[in-house]
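Topology and contacts: notes
These are the residues of each chain, in order.
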Amino acid sequence: MSMKKFILMFAMLLSSVVLFAQDAVGADATGSEFVIDLGTFTGIVALISAIVTQITKLIPAVSTNKLAKIGMSCGVGIVVCMIAWVLQLSPLLSVYAWWGALIYGVAAGLSGCGFYNLVKAIGDLFKKKQTNE
């Protein structure tokens, strides 16, 4: 089988899958909705990431400073989790005491900003600056 035939067959298979998927999704979609499930850790992290992204669009100076973005993400995580705990919005958080929800907010905030970014930013603080001699 030549490479041209293989690529043509792959493209045709891919386009048929896209057409079938488009009909299945188009039948159920009634409008554009943004739904986040606060019953899971992933849903809480997604909400925190969405809020932090919108805040960094409003305040562009935060996006240039890595530690400020991490701190803001932790703060937003704490606020989101405490509000969800007080209002009993999340069955995941309702079983914790107030300090458990607070710690959960810090963990979700760190996950929302990216744990790798946190470790990298803290590592950059302790890295020796090299001088050119």
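As shown above, the structure is provided for reference.
One structure accompanies this document, and this report is about it. The model shown is predicted, which means the values in this text are computed figures rather than measured ones.

Taking 1.5 Å of rise per residue, the 21 residues of helix 4 (residues 66-86) would be expected to cover 30 Å, and the 30 Å separating its terminal C-alpha atoms lies within 8% of that figure. Every buried residue of helix 4 is accounted for by I70, M72, S73, C74, V76, G77, V80, C81, M82 and A84. Measuring from the side-chain oxygen of the N-cap residue of helix 4 to the backbone nitrogen of L67 gives 3.3 Å; that N-cap residue is N65.

Further remarks concern the nonpolar core. The biggest cluster of nonpolar side chains holds 14 residues, and the ones touching the most others in it are I44, I48, V76 and L93. When contributions to this core are tallied by element, the ones reaching two or more residues are helix 2 (41-58), helix 4 and helix 6 (98-113). Considering every element that reaches this core, the biggest residue donor is helix 4, with five residues. For I48, the residues in contact, after removing those within four places along its chain, are S73, V76, G77, V80, A108 and G109.

The next point concerns the environment of V95. By the element assignment, V95 lies in the loop between helix 5 (91-94) and helix 6. Each C-alpha atom of the pair V95 and W85 lies 8.8 Å from the other, and the pair is ten residues apart in sequence.

Below, the discussion takes up the packing of aromatic side chains. Remark: the centre distance and the inter-plane angle together describe each pair of aromatic rings, the angle taken between the planes. This structure, assessed with the given rule, holds two aromatic pairs. Here the aromatic rings of F41 and Y104 are separated by 5.5 Å at their centres, their planes lie at 85°, and the arrangement is edge-to-face. Linking F41 in helix 2 with Y104 in helix 6, this pair joins segments that are 63 residues apart in sequence. Owing to a relative accessible area of 15%, Y104 belongs among the buried residues under this scheme. Each ring, one from Y96 and one from Y104, has its centre 5.8 Å from the other, and the planes form 35°; the classification is tilted. Through pairs of rings, three or more aromatic residues link up here, namely F41, Y96 and Y104.

What counts and what doesn't
Residues numbered from 1 in each chain as written. Predicted model: local features only at pLDDT ≥ 70, side-chain atom pairs only at ≥ 80, totals over all residues. Heavy atoms only, no water. Helix = DSSP H or I, 4+ residues; strand = E, 2+ residues; numbered from the N terminus. Expected span 1.5 Å × (residues − 1). Buried < 20%, exposed > 50% of the residue type's maximum accessible area, 1.4 Å probe, protein only. Polar contact = N/O pair within 3.5 Å; in protein donor to acceptor, adjacent residues only side chain to side chain. Core = buried A, V, L, I, M, F, W, Y, C linked by side-chain atoms within 4.5 Å. Contact = heavy atoms within 4.5 Å. Phe/Tyr/Trp six-rings, centres within 6.5 Å; stacked < 30°, edge-to-face > 60°.

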